[in-house]
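Coordinates in review
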Amino acid sequence: MTTIELRGVTKVHGTAPTPVVAVAPTDLTILDGEFFVLIGPSGCGKTTLLRIIAGIEHPTRGDVVLDGQVVTDVGARGRDVAMIFQSSALYPNLTVAENIGFSLRLAKVKRRVIAQRVHDVASMVSVDHLLDRFPRQLSGGEGQRVAMARTLIRSPHLFLMDEPMSQLDAKLRTELRAELVRVQRQVGVTTVYVTHDQTEAMSMGHRIAVMRQGSVVQCGTPEHLYREPVDLFVAQFLGAPPMNAWVASAHASDGALELRWGAQRLVIDERSAARHGGARALDGREVVIGLRPDAFVIDPVGPIVVSPGFAEQIGPHQLVHATLAASSVRAVDDGYVRSSEHLAPLIVAAPSGYEYDPWRAMHLDVDRERLMLFDPVDGRRLTSDALAVSSPA
Ligand code: ATP
């Protein structure tokens, strides 16, 4: 099994005056047996980092270390890694069994042994009933399972996957996600998985590294990143629907903190204010309030008044889409975008039985423990102490 260390790994394409920094200097340690997810928007450098780990791409600077050995100059073949991409690309004229057993046949393994191994890995990913079919007779999800089996049979030291499910429909993705997690936990092979789908990252990864513009912004367990994001970018990237955020001004009042926007006021007691650095430190500042949709409490005398527009029923609860007289903030690839001063969109998770009236204002209170404040310029989370960039597994 394998531990991966990236030491100052950097990738720059082209030369001055227009170099493209695909990966800024990156230090990362991926533990033996870990399911590690690289996530971020398109073009943030995920695939480049994966290809550098695989040995397909050479870093401009820095080293890749596998199990303590520097392998920066070792090609993909010498690293014993297996990669799965978006499309499975099976051999069309070979059956499923022949596709899965192909690498063993090349290695001149005995037929009887190949047949047994093919059967074992095929049943592991639930394609043992499809062994005599050809790739054209498989659905997209079955094809990806066969690709997984073909990779698993090699017992690689390292599994690298680049959006392997992006071409499948939602139901298949959910099924295959669970399957992949089960197999990875069973086999215990170190796995690096690239995606831009936060649901996949949150549900599959032991740890996640969130990337933006070539850099790892934060790395940690899914729960840690969700509860303690270092900035508004991470806060809005993880969690669906994304965290609501709008601009307010902060004022100290008798130790408590009062947040004001438009005609609205939200008071946070001294103890809660201390979590954001304290009322005195924030007095007079502009801040961004961050609240996840389920951090609101519907309360007829709640201090926040919004105008409901429509609701989406999503089973256990409904998502009420409303607006608020404020300026909302949304993280984009390279910064933050504000809406107009008067129409901040807002999503509230309400109980499924709640009947909103589109003609009447909706009053909300908030769970103060779940309220977050961010710097309006660089999006950094405002806390009593700076949050660490990395966290333990
Ligand atoms: P996606 O999710 O869209 O696949 P990604 O996060 O995997 O994106 P990369 O493919 O790693 O991103 O690319 C990172 C950056 O490097 C992008 O800005 C891309 O345009 C740039 N890039 C990649 N390959 C080259 C190249 N050969 N020459 C110049 N720029 C490149």
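Let me sum up the structure you'll find in this document. (Residues numbered from 1 in each chain as written. Predicted model: local features only at pLDDT ≥ 70, side-chain atom pairs only at ≥ 80, totals over all residues. Heavy atoms only, no water.)

1. Quick word on the side chain of Gln318
Secondary-structure assignment places Gln318 in strand 17 (residues 317-324). Here Gln313 takes part through its side chain, which lies 3.2 Å from a polar atom of the side chain of Gln318. A polar side-chain atom of Gln318 sits 3.3 Å from the main-chain carbonyl oxygen of Ser352. Discounting chain neighbours no more than four positions away, the residues touching Gln318 are Ala311, Glu312, Gln313, Val348, Ala349, Ala350, Pro351, Ser352, Gly353, Tyr354 and Tyr356. (Helix = DSSP H or I, 4+ residues; strand = E, 2+ residues; numbered from the N terminus. Polar contact = N/O pair within 3.5 Å; in protein donor to acceptor, adjacent residues only side chain to side chain. Contact = heavy atoms within 4.5 Å.)

2. Remarks on the packing of aromatic side chains
Enumeration according to the criterion identifies four aromatic pairs in this entry. Measuring from centroid to centroid gives 4.7 Å for Tyr91 and Phe102, while their planes differ by 45°, and the two rings are tilted. Highlighted residues: Tyr91 in the loop between strand 6 (81-84) and helix 2 (96-106) and Phe102 in helix 2, separated in sequence by eleven residues. When its relative accessible area of 36% is taken as the criterion, Tyr91 is described as partly exposed. Ring geometry for Phe233 versus Phe237: centroids 5.6 Å apart, planes at 35°, classification tilted. Note that Phe233 and Phe237 are positioned in helix 8 (residues 232-237) at a spacing of four residues, about one turn of the helix. For Phe237, a relative accessible area of 18% corresponds to the buried category. Seen from the ring of Tyr336, Arg212 lies directly overhead, with NZ or CZ sitting 5.1 Å from the centre. Taking NZ or CZ as reference, Arg292 lies 3.9 Å from the ring centre of Tyr226, over its face. (Phe/Tyr/Trp six-rings, centres within 6.5 Å; stacked < 30°, edge-to-face > 60°. Buried < 20%, exposed > 50% of the residue type's maximum accessible area, 1.4 Å probe, protein only. Lys NZ or Arg CZ within 6 Å of the ring centre and 35° of its normal.)

3. Remarks on the site of the ligand
The environment of the ligand is formed by His13, Val20, Ala22, Pro41, Ser42, Gly43, Cys44, Gly45, Lys46, Thr47, Thr48 and Glu163. Between the ligand and Gly43, the relevant distance is 2.7 Å, taken from an oxygen atom to a main-chain nitrogen or oxygen of the residue. The contact in question runs from an oxygen atom of the ligand to an N or O atom on the backbone of Cys44, over 3.0 Å. Contact with the protein chains covers 57% of the free accessible surface of the ligand, which is 640 Å². Of all the secondary structure elements, the ones that give two or more residues to the shell around the ligand are strand 2 (20-30) and helix 1 (46-54). Here the shell around the ligand gets three residues from one element, more than from any other, and that element is helix 1. Partitioning the shell around the ligand into residue classes produces four nonpolar, six polar and two charged. (Near = heavy atom within 4 Å. Areas by Shrake-Rupley, 256 points an atom, 1.4 Å probe, with all protein chains shown as cover. Nonpolar A, V, L, I, M, F, W, Y, C, P; charged D, E, K, R; others polar.)

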